[in-house]
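# Structure assessment
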Amino acid sequence: MHDSHAPAPSGPRASDDLPPPGGLREPYGGPPEFGDLPFDDLPAAPPGGPHAPGGPPAGRAGASGRSAPGTAAAVVLATTAGAALRCGGGTLLDRLTDQLVALSVGEVHVVARSGDITRATDGAYLIGAEGSHGLADDLRRVARVARAATGPVAVLAGDLVAHTEALAVLLSAPGGGTTALVVTDGDEPGPLRPPVRVEGGRVAAAGTSLHEVAGADGTFRGALRVGEADLGRLAETAETLAGLAETGVLGAMGGAEAGDLLLAGLVRYGVHVRARGLGRLRCERVAGQEDADAAVRRLNEVDVAHARLDAAVKADDGFFATYGVSSWSGHLVRPAAALGLTPNAVTWFSAGLALLAAAWFSAGTRPALVAGAVLVYLSFVLDCVDGQLARYTRTFSPVGAWLDATFDRAKEYVVYVGLAVGYAAGHGAAGGGPEGIWALAVAAMILQALRHMIDFSYAGSRADAGTARARSAGPSAATGGPSGVPADAAARLAPSRPAPPSGASAGSTAAGSTDTGSTAAGSTAGQEPGERARAVPRESPPPGNPVVRLSRLLERSSTTRWLKKIIVLPIGERMALIAVTAALFNARVTFLALLTWGGVAALYTLTGRIGRSLSK
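Per chain, residues are indexed from 1 in the order of the written sequence. Note on the predicted model: pLDDT of at least 70 is required for a residue's local features to be given, and 80 or more for side-chain atom pairs to be given and counted; whole-chain, interface and lining totals, by contrast, use all residues. Side-chain measures here rest on the full set of heavy atoms in the structure, leaving out hydrogens and waters.

## Some thoughts on the overall build of the chain
Of the regular secondary structure elements, the chain holds 17 helices and 14 strands. Looking at the 616 residues of the chain, the share that counts as buried comes to 53%. Taking as baseline every contact in the chain between residues at least 6 positions apart, the subset at least 24 positions apart corresponds to 78%. Numbering of helices and strands runs from the N terminus, with a helix taken as a DSSP run of H or I at least four residues long and a strand as a DSSP run of E at least two residues long. Working definition: with a 1.4 Å probe on protein chains only, accessible area under 20% of the residue-type maximum means buried, over 50% means exposed, and in between means partly exposed. Any two residues whose heavy atoms approach within 4.5 Å are treated as being in contact.

## Description of the pairing of strand β1 (residues 73-78)
With six of its six residues buried, β1 lies for the most part within the structure. Along β1, one buried face is formed by Ala 73, Val 75 and Leu 77 and the opposite face, lined by Ala 74, Val 76 and Ala 78, is buried too. By the convention used here, strands pair only if DSSP detects at least 2 bridges between them. Sheet analysis places β1 next to strand β4 (residues 107-112), joined by six bridges and oriented parallel. Directly across from Ala 78, in β4, lies its bridge partner Ala 112. As judged from the five bridges shared by β1 and strand β7 (residues 153-157), these two strands associate in the parallel manner. Paired with Val 75 across the strands is Val 155, a residue of β7.

## Side note on the pattern of salt bridges
One speaks of a salt bridge when a side-chain nitrogen belonging to Lys or Arg is within 4 Å of a carboxyl oxygen belonging to Asp or Glu. Under the criterion given, the structure shown has 16 salt bridges. Residue Arg 147 is joined to Glu 236 by a salt bridge in which the shortest nitrogen-to-oxygen separation is 3.5 Å. One end of the pair, Arg 147, is in helix α2 (residues 135-148); the other, Glu 236, is in helix α4 (residues 231-246), and 89 residues separate them in sequence. Overall, the relative accessible area of 10% leaves Glu 236 in the buried class. Of the charged contacts in the structure, one is a salt bridge between Lys 411 and Asp 383, with a shortest N-O distance of 3.6 Å. One end of the pair, Lys 411, is in helix α11 (residues 398-424); the other, Asp 383, is in helix α10 (residues 366-393), with 28 residues separating them in the sequence. In the salt-bridge network here, residues are joined through shared partners; they are Arg 147, Glu 236 and Glu 239.

## Comments concerning the confidence of the model for the chain
Within a predicted model, pLDDT stands for the predictor's per-residue confidence, ranging from 0 to 100. Scored by pLDDT, the chain has a mean of 76; 70% of the residues are at 70 or more. When the criterion is pLDDT under 50, residues 1-68 qualifies, and its contacts beyond four places in sequence or with other chains add up to 174 contacts. For the stretch residues 473-481, pLDDT sits under 50, and the model shows 20 contacts to residues farther than four places along the chain or on other chains.

## Looking at helix α5 (residues 258-269)
Under the convention used throughout, the expected extent of a helix is 1.5 Å for every residue step, that is, one less than its residue count. End to end, α5 covers 16 Å across 12 residues, agreeing with the expected 16 Å (1.5 Å per residue, within 8%). Judged by how many residues are buried, α5 sits mostly within the fold: 11 of 12 residues are covered. Looking one or two residues beyond α5, the residue adopting positive phi is Gly 270, at roughly 100 degrees.

## Notes on unusual backbone geometry
We note that Ser 104 has phi near 60 degrees; this positive angle belongs to a residue other than glycine. With respect to the helices and strands, the residue Ser 104 is situated in the loop between α1 (92-102) and β4. Take Ser 104: its relative accessible area is 57%, and that puts it in the exposed class. Positive phi, normally seen in glycine, also occurs at Leu 569, with a value near 50 degrees. One can find Leu 569 in the loop between α15 (558-567) and α16 (571-584). Using a relative accessible area of 0% as the deciding quantity, one classes Leu 569 as buried.

## Observations concerning the packing of aromatic side chains
Aromatic ring pairs are defined here through the distance separating the ring centres and the angle between the ring planes. Pairing of aromatic rings covers Phe, Tyr and the six-membered ring of Trp, with a centre-to-centre limit of 6.5 Å; geometry is then stacked below 30 degrees between planes, edge-to-face above 60, and tilted otherwise. The tally for this structure, following the rule as stated, stands at eight aromatic pairs. The interplanar angle of 70 degrees and the centroid separation of 6.2 Å between the aromatic rings of Phe 320 and Tyr 377 together place this pair among those described as edge-to-face. Taken as a pair, Phe 320 in helix α8 (residues 319-338) and Tyr 377 in helix α10 lie far apart in primary sequence, 57 residues in all. Residue classification places Phe 320 among the partly exposed positions, given a relative accessible area of 21%. Of the residues examined, Tyr 377 reaches a relative accessible area of 27% and is grouped as partly exposed. Clustering of aromatic rings is evident, with ring pairs tying together Phe 319, Tyr 323 and Trp 562. Each ring is checked for a lysine NZ or an arginine CZ that lies within 6 Å of its centre and within 35 degrees of its normal; such an atom marks a charge sitting over the ring. Its guanidinium or amino end placed over the ring of Tyr 392, Arg 308 lies 4.9 Å from that ring's centre, counting from NZ or CZ.

## Here's the deal with the packing of helix α9 (residues 343-363) against α11
Only C-alpha atoms enter the line fits that serve as axes; for helices the fit covers just the stretch in contact. Angles between N-to-C directions range over 0 to 180 degrees. Where α9 meets α11, the axes come as close as 7 Å, and the angle between the chain directions of the two elements is 10 degrees. In terms of axis orientation, α9 runs roughly parallel to α11. Counting all contacts with α9, which are made through Asn 344, Thr 347, Trp 348, Ser 350, Ala 351, Ala 354, Leu 355, Ala 358, Phe 361 and Ser 362, the residues of α11 involved are Gly 400, Leu 403, Asp 404, Phe 407, Lys 411, Val 414, Val 415, Gly 418, Leu 419, Val 421 and Gly 422. Residue polarity follows a fixed list, in which Ala, Val, Leu, Ile, Met, Phe, Trp, Tyr, Cys and Pro are nonpolar, Asp, Glu, Lys and Arg are charged, and the others, Gly among them, are polar. In terms of residue class, the contact of α9 with α11 is built from 12 nonpolar, seven polar and two charged. Roughly parallel refers to an angle under 35 degrees, roughly antiparallel to one over 145, roughly perpendicular to one between 65 and 115, and oblique to any angle outside these ranges.

## What about the pairing of strand β12 (residues 218-226)?
On any regular strand, side chains alternate: one points to one face of the sheet, the next to the other face. For β12, the buried fraction is high: nine of the nine residues fall into the buried class. Here β7 runs beside β12; their pairing, made up of four bridges, is antiparallel. Bridge assignment links Val 153 to a residue of β12, and that residue is Val 226. Note: strand β9 (residues 178-183) against β12, four bridges, orientation antiparallel. Looking at the pairing, Val 182 lines up with Phe 220 of β12. Sheet topology note: the strand β10 (residues 195-199)/β12 ladder contains two bridges and is antiparallel. Each bridged residue has a counterpart across the sheet, and for Val 196 the counterpart in β12 is Gly 218.

Here you go:
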């Protein structure tokens, strides 16, 4: 999009036409449309006019109408009355699209029930001659955007009130993967906060009013970013869900849940969706003017500068990295940014300290071993700081990620060599000699290489399996589901409980409730007088074999969750183990400790990988 904004002529105000405070009458069902509402600050459509009915969802990135290859696109689902709520001099929809423009999103596609909404200050967004006709049409428009996109696609609720920094965290997520904004220590699940279950930093299960979640421990905040590698799965999922919506399988569910459905569908499809926390930042959906005003006030209560720094620290790191490094390393990030250091420069400094540590270890004396241990620790600190600096400055690159991963291995192995050289020389406190030390060093290297191979091959196998599922669910697959939807895809994405009868609010119960015979929080929202809330049946146990169920059970306790992180011997624990054993003992003890703990970690990881691979 262009960087400059042309002044927009003002129009009639819509405040008198807005729905009353309290928002949507049916938060989980069909919201009242606002197709006839006038909008101020919205000029006429740019030259060329809107797309013809039935064409792709409109969205422009300047005069060409296309963004540069690899540029992110966004789909804003402005299908609820909340998108038209007032915020400052405009609406929540205006505020959100302005934020996306400021974050240099290449294309912004708005899906709404009316074709009258236009914006042409810089071609930021444009609705076609016809608005979307319902949930199925919403989903198909998302599918068309996904198929035409040249970069990652963000799917956002139009009634979202969020810090710009929170959206930046989502849109600039490193690695190009699929990410959802999730809060695990916030409000209880509700109509605009569907439940999720997070395992190992990813969304393992996601709910809607019709998709239950066992062991939910967080809520989805209406903002999802789908990486380039998963765009085909997004399109297939959206089209399958659209077919289910058309045939009534989803009951009275309306456009308010389109984004929630897509997240639940992607997770059920097997897409690896990273759960990205917000820290102090805020991102929430609203249903009424009072809620919107309160949400904006809560934004202003946050020190965004500190929140940005907090968000730069990984929330799902290892135990030693979390408490031994990240608890204070954030104080180095701002000075590094102020000095103009790049994450790659910090990575090189980290590698230099590792080389110095190896040199001290090779001396073999007690003072040299202690000095080497300190340098190993400082090298790991900078190894954490480079990632924190990248997230703080949002300067990600494939080269940087490759450099960081490669140097992690190289630094560790050069330290092994330094320890072995010092011990083999038989100097002072090393108390050793050449006997067997090189065999132990090589064995430690081989074990670590095998552990990395297990991790990388498993990740690759999951990606290949996901691709195979995407192909099997494609248009050429054998069908049998509603409206030609592949039968296996329909079964995967179908609701986990029956849809409410026609005319009943799909939001009469909150998703994810486990209380039989009682209504969940938020279950009375949008009920008509005299309408009786349905009881939600108790959830079944989480699917999977005993290994998978045990892993999920261990995730529910913070103590066992940390034990799981420690036992796999991540790089933080390895660096701490090397530093402590080398400083207090000698290289032989270091290698024996690495082989013993690393062997247990490899067996644990391999068992878990096999168990998950065999899980249904």
